[in-house]
Amino acid sequence: MKRRDRIMANRLLGIETEYGFSQNPGGNPEADMGDIGQELINLAMARYPFLPAGQGHGIFLGNGARFYIDCGAHPEFCTPEVDNPWDIVCYTDAGAELLQGLANELAWAQVGPGLRLFRCNVDYLTGATWACHENYGHRANPLGLPRQIVPHLVSRIIYTGAGGLNPFSPGMEFCLSPRVYHLDRVTSTSSTESRGIFHLKDESLSARGWHRLHVLCGDSLCSQLGTWLKAGTTALVVALVDGGFQPGQSVGLQDPVRAMRRFNRDVTLRSTAELLNGRRLTALDLQWHYLRFVQEHLGHPCLPDWAEAVCTAWQEMLERLARGPAGARTRIDWAIKHALYLEHLRHRQVSPDELTAFNEDMRRLRPSADLSDEPAGGFDSARVPAGAGVPVPPGRTIALSNAQRHKLQQLRTELCELEVRFGQLGPQGLFAALDQAGLLQHRLTDVTSERVRQALREPPASGRARLRGRAIQQLHGRGGHLCDWHAVWPESKETLLDLSDPLQQEMPSWTPRPLPARASAPDDIEQRFDFLKSEYERGNFEQAFSSLGEITTSPAWPTPSFVSQYHSMMALVQCRRGFFPAAIASLNARAQTRLNSISSVYEHVAIHRFQGLIPGDDIWEWIRLGDALLDQHPEPESAQAFGFREHKACALLHRGQLDEAKILLRQVLAENGRRRTHPRMYALAAADLGEVYRRLGEPDLARTCLDDAERLQTDAMALGDLSEFTLLNLAKLESASGDVSCFLNRAEAIQLDANNRMGLVRTHILRARLLRRQVDAGETRDRILALREQLPSLHACPLCAKILHRWDDWCAGRTLPEGGDAFWGM
Amino acid sequence: MNTTTSLRERTDHQPPPPATGAGDAGGGGLEALAQEGAAFLAAGHDIINAALSGDSQAFLEANRQRGGE
């Protein structure tokens, strides 16, 4: 049987919407938005059935959705998994209703002056972007997806764009999707920087071979039709790929990022982009291609039963757009905005020539972050980018007076205000007011207010979200249970309600909790070592420890070379697990320990570096030995020499020799930067240098180093180092509790996933100090004490003892009487 | 009895409304289209004017957002 014949049509999809929010006029400017966000969560917990999220933060609701506060203190609502685009709209709107209801209630309860919540995608003042991620379940090979789907993601902006201004231009350059300017590559692993059109993250949150395509290039939309088309068309393209088809094969783009930006700035939709085969197509052409592909396969088992309905509306939208923006000006976000903003400019008597001159002036004054060889965009639909197969009409060059320029700058600010107000939740929102006035035709007949209200309380009717919702409704109020996308479990962790099959329909029974799923270890001993090294580098120290135990059962055991390697790895794994005495014992157990090489000295330095919360004093004995060895036999190329100097710099940092640490770290980064042969160590050095800069009072330099470390560690999946050092150092740099919380939550989620107890202690300790108003200090201390009981390294750590002994001072944010670092050296 | 099924247990999935009606660019003659368009823009402009605060810079400052995702 061919694969495509057995593919089922049912796949799940979901949407995560981040909301901007601020206080109404009269609010306390000093108020911490993270605290206010937490008020929203607290109120939701009082009003709706919920279970706390078991990993990460926030809560799962009785409708199967998740609600939490994300980076930048943005409230985020994730719909439950659904199997059709109508339910996507229903649950997305239910999320907006939930948030607006909570904000209203906070206002009524006189908790401050009330809140404004926004469906926006960019901030024109700060350059921040937050958006709306989509998730599509599939069983196709994830590596084959980008080629097939990227042309769709690039071209669908003609109906999925939120519309707005180029956020990086000081002019008034209208575009289909402002967020496109935040995308600078085709694929990416990160969602917070260097964003790509296609997100490589493949965190399935499911079993049975399911993958999850995580799309982060989309916009948060007000139009129901826009959201419906966005989810429906993309789900159909994913379904075709899952069915074994190649819908994007013949329309691969030569330069997807450039094509997306070109399409983005042209409201006439006439710009073309070059394909790999040399042809040039417009975004409309590309969308027609995908639509025809789906239509040709209607009835195929890989497609859901709603495929035809989506195709009908998809075709109608493309026909409308072929007539220009006016064809869709009452239906989809960007076309509505374009019509109204243009009308606003007309009322303010701005001529097309004035606008063109203004945009060109502004570009000259402040070059945009856009592609440098592209001309400025604008509102004038007759003016399209050069080199796009459409001639640029000869514009008159006029000279603007200062008064004209000032007027246009004010108008730009007004348009930015309209941008924010467009997506404001509640009746004050511009889109809501247009809708209320009966001016729009964006509503789906199947998504009534009654259905949306129902979706606020009830889970979808199929798939695991229904089971999750039912479990939450049953367990709510009893206490002691946690929830995640794939399971519900008691805090005792003794049993588990396994929801790892996303399509399961029957409520499973509670079963004894299995060990965390992991990849099966290979049989060959060399492969086993490779496997456990990769587990170690990913920060799965418990898994690496378990794999080491399995190595001794290999038929090749105990070959001497493997025994030596075993003890080396065991030492590193044990010290990162928090078992420093066992690490020392492992090194001592090696039959032939040679202390005349930098590699053996490096191992001792490494385990002392991770001896407790900070390096132990004995590290200096080994550093002196290593220095002497390197003086005699420099080994600049070796990983051990590089690692030795990195650890030495860390020891200098913790001894307060900041300038020496800085010089050494900059040296090793510069030397390694040319080769980048040791990316994990390079990233650790960058993280340490960030901490050095923080202590030297250079927060911008610190942030630059830590951002670099974060990117490298994310790319290299060095999640242990990322969660124990980089994210925690980033948290120390922030003052807003929402940002602090974001970094700490990310670290904790990684550590919980890997059962990294040393990392968890670091995170708990910092959380108690940085978020003291949000955590129960006594409970946190109890958690730390419990973990310390399990971890000999912590038992013997003087800094851990000092912090616990002076816990109230630590939590109150006090510095030590003897002075020193604000975080006592943590 | 499960009361949660009504969201999914339906066979009457409806696509969006047909391409006719007020503000529709797809149906009717050009004259009707122009009239509808003018009505939409006029009403929309009134709503925009009512929405603006009068001090857009202050509004933007008060509503600035930090990094997301």
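Quick caveat, the model's predicted, so the values are computed rather than measured. (Residues numbered from 1 in each chain as written. Chains lettered and ligands numbered in written order. Predicted model: local features only at pLDDT ≥ 70, side-chain atom pairs only at ≥ 80, totals over all residues.)

(A) Molecular detail of the overall build of chain B. Counting its regular elements, chain B contains two helices and zero strands. In chain B, which comprises 69 residues, the share counted as buried stands at 25%. (Helix = DSSP H or I, 4+ residues; strand = E, 2+ residues; numbered from the N terminus. Buried ≥ 20, exposed ≤ 12 C-beta atoms within 10 Å, placed from the backbone.)

(B) Main features of the overall build of chain A. Along its length, chain A carries 31 helices and 19 strands. Counting over 826 residues, chain A shows a buried share of 55%. Within chain A, residue pairs in contact and separated by at least 24 positions form 68% of the contacts whose partners lie at least 6 positions apart. (Contact = placed C-beta atoms within 7 Å.)

(C) Spotlight on the confidence of the model for chain B. Residue and element names in this part refer to chain B. Summary statistics for chain B give a mean pLDDT of 67 and a share of 52% for residues scoring 70 or more. Every residue in residues 1-12 is under pLDDT 50, and counting partners more than four places away or in other chains gives 18 contacts. Counting interchain partners and residues more than four positions distant, the pLDDT-below-50 stretch residues 17-28 has 25 contacts. ipTM for the predicted complex: 0.73, alongside a pTM of 0.68. (pLDDT = per-residue confidence, 0-100.)

(D) Representation of the pairing of strand β18 (residues 495-498) of chain A. Residue and element names in this part refer to chain A. The sheet contact formed by strand β17 (residues 487-490) and β18 spans two bridges and is antiparallel. When the bridges of β18 are listed, Ala487 appears paired with Asp498. Here β18 runs beside strand β19 (residues 511-512); their pairing, made up of two bridges, is antiparallel. In the strand pairing of β19, Leu496 is matched with Thr511. (Pairing = 2+ DSSP bridges.)

(E) Local environment of the nonpolar core. Ranked by size, the top nonpolar core spans 157 residues in total, and within it Leu99, Leu236 and Leu240 of chain A carry the most contacts. By size, the runner-up hydrophobic cluster in this structure holds 95 residues, among which are Leu652, Val692, Leu730 and Met826 of chain A. (Core = buried A, V, L, I, M, F, W, Y, C linked by C-beta atoms within 7 Å.)

(F) Region of the structure containing the packing of helix α27 (residues 757-770) of chain A against helix α28 (residues 777-790) of chain A. Residue and element names in this part refer to chain A. Where α27 contacts α28, the axes come no closer than 10 Å and their chain directions differ by 155°. With respect to their mutual orientation, α27 and α28 come out roughly antiparallel. Crossing handedness for the pair α27 and α28: left-handed. Facing α27, whose interface residues are Arg757, Leu760, Val761, His764, Ile765, Arg767 and Ala768, α28 presents Ala777, Thr780, Arg783, Ile784, Leu787 and Gln790. When the residues that make up the contact of α27 with α28 are grouped by side-chain class, the tally is seven nonpolar, three polar and three charged. (Axes fitted to C-alpha atoms, helices over the stretch in contact; angles between N-to-C directions. Parallel < 35°, antiparallel > 145°, perpendicular 65-115°, else oblique. Left-handed = near helix turned anticlockwise from the far one by under 90°. Nonpolar A, V, L, I, M, F, W, Y, C, P; charged D, E, K, R; others polar.)

(G) Layout of the interface of chain A and chain B. Contacts between the two partners involve 68 residues from chain A, matched on the other side by 40 residues from chain B. Within the residue set of the side of chain A that touches chain B, elements represented by two or more residues are β2 (20-23), α2 (85-108), α5 (224-242), α8 (307-322), α9 (333-347), α11 (402-422), α12 (430-436) and α13 (449-457) of chain A. Looking at the side of chain A that touches chain B, its residues break down into 31 nonpolar, 18 polar and 19 charged.

(H) Just the sheet that holds strand β4 (residues 59-61) of chain A, in detail. All names here are of chain A. Read across the open sheet, the seven strands follow the order β3-β4-β5-β6-β1-β8-β13; overall the sheet is antiparallel. Looking at which strands have only one partner, the edges of the open sheet turn out to be β3 (50-52) and β13 (211-215). Put simply, the sheet's adjacent strands are angled 20° from each other on average, direction ignored. The pairing of strand β1 (residues 13-18) with strand β6 (residues 74-78) spans three bridges and is antiparallel. Each bridged residue has a counterpart across the sheet, and for Thr17 the counterpart in β6 is Phe77.

(I) Representation of the packing of helix α25 (residues 719-733) of chain A against helix α26 (residues 737-754) of chain A within the structure. Residue and element names in this part refer to chain A. At a minimum axis separation of 9 Å, α25 and α26 run at an interaxial angle of 165°. When the axes of α25 and α26 are compared, the pair comes out roughly antiparallel. Where α25 crosses over α26, the two elements pack in a sense that is left-handed. Here Leu719, Leu722, Ser723, Leu727, Leu728, Leu730 and Ala731 of α25 lie close against α26, whose contacting residues are Val740, Phe743, Leu744, Arg746, Ala747, Ile750 and Gln751. Broken down by class, the residue content of the contact of α25 with α26 amounts to 11 nonpolar, two polar and one charged.

(J) Molecular detail of helix α16 (residues 541-551) of chain A. Restricting attention to buried positions, one finds in α16 of chain A the residues Phe541, Gln543, Ala544, Phe545, Ser547, Leu548 and Ile551 of chain A. Those residues of α16 of chain A that are buried lie in contact with α15 (525-537), α17 (560-577), α25 and α26 of chain A.

(K) Seen up close, the sheet that holds β19 of chain A. Residues and elements named next belong to chain A. Judged by pairing direction, the sheet is antiparallel, and its four strands sit side by side in the order β16-β17-β18-β19 without closing on themselves. This sheet does not close on itself; its edge strands, each paired only once, are β16 (481-484) and β19. In the packing of helix α14 (residues 464-475) onto the sheet, contacts are made with β16, β17 and β18, and the angle to β16 comes to roughly 160°.

(L) Just the confidence of the model for chain A, in detail. Residue and element names in this part refer to chain A. Put simply, chain A has an average pLDDT of 86, and 90% of its residues get 70 or more. Taken together, the stretch residues 381-394 has pLDDT below 50 and engages in 31 contacts with residues farther than four places along the chain or on a different chain. Every residue in residues 515-521 scores below 50 in pLDDT, and together they form five contacts with partners more than four places removed in sequence or on other chains.

(M) View of unusual backbone geometry. All names here are of chain A. Unlike most non-glycine residues, Leu269 shows phi in positive territory, near 60°. Here Leu269 lies in the loop between α6 (256-264) and β14 (272-274). For Leu269, a count of 23 C-beta atoms within 10 Å corresponds to the buried category. One non-glycine residue with positive phi stands out, namely Trp824, at about 60°. In this fold, Trp824 is placed in the segment after α31 (807-812).

(N) Spatial organisation of the environment of Leu125 of chain A. Mapped onto the fold, Leu125 of chain A is located in the loop between β7 (115-118) and β8 (132-138). Spatially, the C-alpha atoms of Leu125 of chain A and Pro167 of chain A are 8.4 Å apart, while their sequence positions differ by 42 residues. If sequence neighbours within four positions are ignored, Leu125 of chain A has contacts with Leu60, Glu61 and Arg64 of chain B.

(O) Fine view of the environment of Ser169 of chain A. Residue and element names in this part refer to chain A. By the element assignment, Ser169 lies in the loop between β9 (164-165) and β10 (174-175). Given 23 C-beta atoms within 10 Å, Ser169 falls into the buried group. Ser169 sits 194 residues away from Arg363 along the chain, and the two C-alpha atoms are 7.1 Å apart.

(P) Structural context of the pairing of β6 of chain A. All names here are of chain A. Burial analysis of β6 places five of its five residues in the buried class, the great majority of the element. Two strands pair when backbone bridges link them, and strand β5 (residues 66-70) and β6 are joined in this way by five bridges, in the antiparallel orientation. The residue of β6 that forms the bridge with Arg66 is Cys78.

(Q) Fine view of helix α20 (residues 619-632) of chain A. Residues and elements named next belong to chain A. Given a rise of 1.5 Å per residue, 14 residues ought to cover 20 Å, and the 20 Å separating the end C-alpha atoms of α20 matches this to within 8%. Those residues of α20 that fall on the buried side of the exposure criterion are Ile619, Trp622, Ile623, Gly626 and Leu629. All buried residues of α20 project into a common sector of 125° when viewed along the axis, lining one side. For α20, exposure combined with an orientation more than 90 degrees from the buried face picks out Glu621, Arg624, Ala628, Asp631 and Gln632. Looking at the buried side of α20, the elements it contacts are α19 (598-609) and α21 (639-654). (Expected span 1.5 Å × (residues − 1). Arc of directions from axis to C-beta.)

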